[in-house]
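One letter stands for each residue in the lines below.
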Amino acid sequence: MLDALKRSVPPFVSAAVRNPKAVGAAAPSSRALAARMASAVPDGVDTPTVVEIGAGTGAFTRVASERVAGGGRYIAIEQDERMADHLERTIPGVEVVNGDAAELGKILADRGVTSVDAVLCGLPWSLFTVELQRRILGEISTAMAPHAVFTTFAYVHAARIPGSKRFRSEVEAVFEEVEVQSPVWRNLPPAMTYLCRGARGTD
Ligand SMILES: C[S@@+](CC[C@H](N)C(=O)[O-])C[C@H]1O[C@@H](n2cnc3c(N)ncnc32)[C@H](O)[C@@H]1O
């Protein structure tokens with residue numbers, strides 16, 4: 001009875017209740033935010049390798065993986081086992097990894113990936129310690145090809161909290177160009193996106 005009840009709770013809600021500090025949201029992102037994030041997948045690369053980190057139940061994955069459907073690889077990394085299972089079952093053509101973003105380099109090396117063309121990221125950065133922000137940003141920038149882009153989002157209302165401000169300065173230390181794009185109002189809560197290029201140390 002209890003097992004049946006647990007299975008009926010959607011995977012995102014269940015993860016948010018079990019581990020609020022790792023999920024950092026009460027609901028998946030909207031289609032409008034997914035479209036913004038997916039627009040970072042490059043058009044000009046024939047067979048791009050795209051990595052998504054903190055894929056959740058696939059709000060971005062569904063939209064962004066369409067952009068590599070003509071050839072290329074889409075690797076979605078998600079730490080929560082139940083959400084990773086859900087991704088695996090519901091989104092074909094995506095390589096799902098139930099793993100930790102802090103191990104990105106190893107995850108990619110195990111799959112024979114030497115560099116990536118785009119990194120899309122849904123991690124709740126503002127809830128992470130500065131050490132964890134730094135560690136994961138280091139893994140991301142090391143994995144990126146010189147022309148690659150990194151995109152992530154932050155909730156507009158949280159822009160002034162210390163974790164958000166810290167993330168902003170960490171990201172500016174890692175990338176030569178950090179574009180803070182206009183807010184996506186059609187998301188609950190509204191979110192702004194970062195588009196970053198020129199990972200230092202990749203050229
Ligand atoms: C705010 S949710 C975003 C989910 C989805 N991208 C969306 O926008 O609807 C953050 C996700 O990051 C995952 N996550 C948190 N820390 C992680 C880590 N170290 N490695 C991989 N995934 C992580 C959480 O389990 C959660 O699914």
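Here, every reference points to the structure presented above.
Our subject in this report is the structure included herewith. (Residues numbered from 1 in each chain as written. Predicted model: local features only at pLDDT ≥ 70, side-chain atom pairs only at ≥ 80, totals over all residues. Heavy atoms only, no water.)

## Side note on the sheet that holds strand β5 (residues 144-155)
Thought 1: The strand order across the open sheet formed by 7 strands is β3-β2-β1-β4-β5-β7-β6, and the pairing between neighbours is mixed. One side of each edge strand has no neighbouring strand; the edge strands of this open sheet are β3 (95-98) and β6 (175-180). Across the sheet, the mean angle from the axis of one strand to that of its neighbour is 15 degrees, orientation sign disregarded.
Thought 2: Judged from the 5 bridges that link them, strand β4 (residues 116-121) and β5 form a sheet pairing that is parallel. If you follow Val-119 over to β5, its bridge partner there is Phe-150.
Thought 3: Strands β5, β6 and β7 (191-199) of the sheet are contacted by helix α9 (residues 162-174), whose axis makes an angle of about 135 degrees with β6. (Pairing = 2+ DSSP bridges. Helix = DSSP H or I, 4+ residues; strand = E, 2+ residues; numbered from the N terminus. Axes fitted to C-alpha atoms, helices over the stretch in contact; angles between N-to-C directions. Contact = heavy atoms within 4.5 Å.)

## Let's talk about the site of the ligand
Thought 1: Not every one of the 21 residues close to the ligand is listed here, only the nearest: Val-23, Ser-29, Glu-78, Asp-100 and Ala-101.
Thought 2: Side-chain polar atom of Glu-78 to an oxygen atom of the ligand: 2.6 Å apart, as the coordinates give it.
Thought 3: In the model, a nitrogen atom of the ligand is placed 3.3 Å from a nitrogen or oxygen of the Gln-79 side chain.
Thought 4: Sorting the residues of the shell around the ligand by element identifies α3 (20-23) and α5 (59-65) as the ones contributing at least two each. (Near = heavy atom within 4 Å. Polar contact = N/O pair within 3.5 Å; in protein donor to acceptor, adjacent residues only side chain to side chain.)

## Section: the state of the cysteines
Thought 1: Under the definition given, this model contains 0 disulfides.
Thought 2: Sulfur of Cys-121: no disulfide; nearest cysteine sulfur belongs to Cys-196 and is 10 Å away.
Thought 3: Judged by its relative accessible area of 0%, Cys-121 falls in the buried class. (Disulfide = S-S within 2.5 Å. Buried < 20%, exposed > 50% of the residue type's maximum accessible area, 1.4 Å probe, protein only.)

## Some thoughts on the pairing of strand β1 (residues 49-53)
On any regular strand, side chains alternate: one points to one face of the sheet, the next to the other face.
Thought 1: Most of β1 sits out of view: 5 of its 5 residues are buried.
Thought 2: Residues Thr-49, Val-51 and Ile-53 point to one face of β1 and Val-50 and Glu-52 to the other, with burial holding for every one of them.
Thought 3: Where β1 lies against strand β2 (residues 73-78), 5 bridges are found, and the strand directions are parallel. Directly across from Glu-52, in β2, lies its bridge partner Ala-76.
Thought 4: Remark: the β1/α5/β2 crossover connection has right-handed handedness.
Thought 5: Pairing analysis gives 4 bridges linking β1 to β4, with the strands arranged parallel. When the bridges of β4 are listed, Glu-52 appears paired with Leu-120. (Right-handed = clockwise from strand over helix to strand, strands pointing away.)

## Topic: the environment of Val-51
Thought 1: Checked against the element boundaries, Val-51 lands in strand β1.
Thought 2: Residue Val-51 is classed as buried on the basis of its relative accessible area of 1%.
Thought 3: Separated by 67 residues in the primary sequence, Val-51 and Ala-118 place their C-alpha atoms 6.4 Å from one another.
Thought 4: Discounting residues that sit within four places of it in the chain, Val-51 has contacts with Ile-75, Ile-77, Leu-104, Leu-108, Val-116, Ala-118, Val-119 and Leu-120.

## A look at the packing of aromatic side chains
Aromatic rings in a pair are described by how distant their centres are and how their planes are angled relative to each other.
Thought 1: Applying the stated rule across the entire model yields 6 aromatic pairs.
Thought 2: When the centroid spacing of 6.0 Å and the interplanar angle of 70 degrees are considered together, the rings of Trp-125 and Phe-128 count as edge-to-face. Both residues of the pair, Trp-125 and Phe-128, count as buried.
Thought 3: Ring geometry for Phe-150 against Phe-175: centres 5.4 Å apart, planes inclined by 5 degrees, an arrangement best described as stacked. In this pair, Phe-150 sits in strand β5 while Phe-175 sits in strand β6, placing the two residues 25 residues apart along the sequence.
Thought 4: Relative accessible area serves as the criterion here: at 0%, Phe-150 is assigned to the buried category.
Thought 5: Overall, the relative accessible area of 1% leaves Phe-175 in the buried class.
Thought 6: Pairwise contacts between aromatic rings join Trp-125, Phe-128, Phe-167 and Tyr-194 into one cluster. (Phe/Tyr/Trp six-rings, centres within 6.5 Å; stacked < 30°, edge-to-face > 60°.)

Interpretation in functional terms is not warranted from these geometric data alone.
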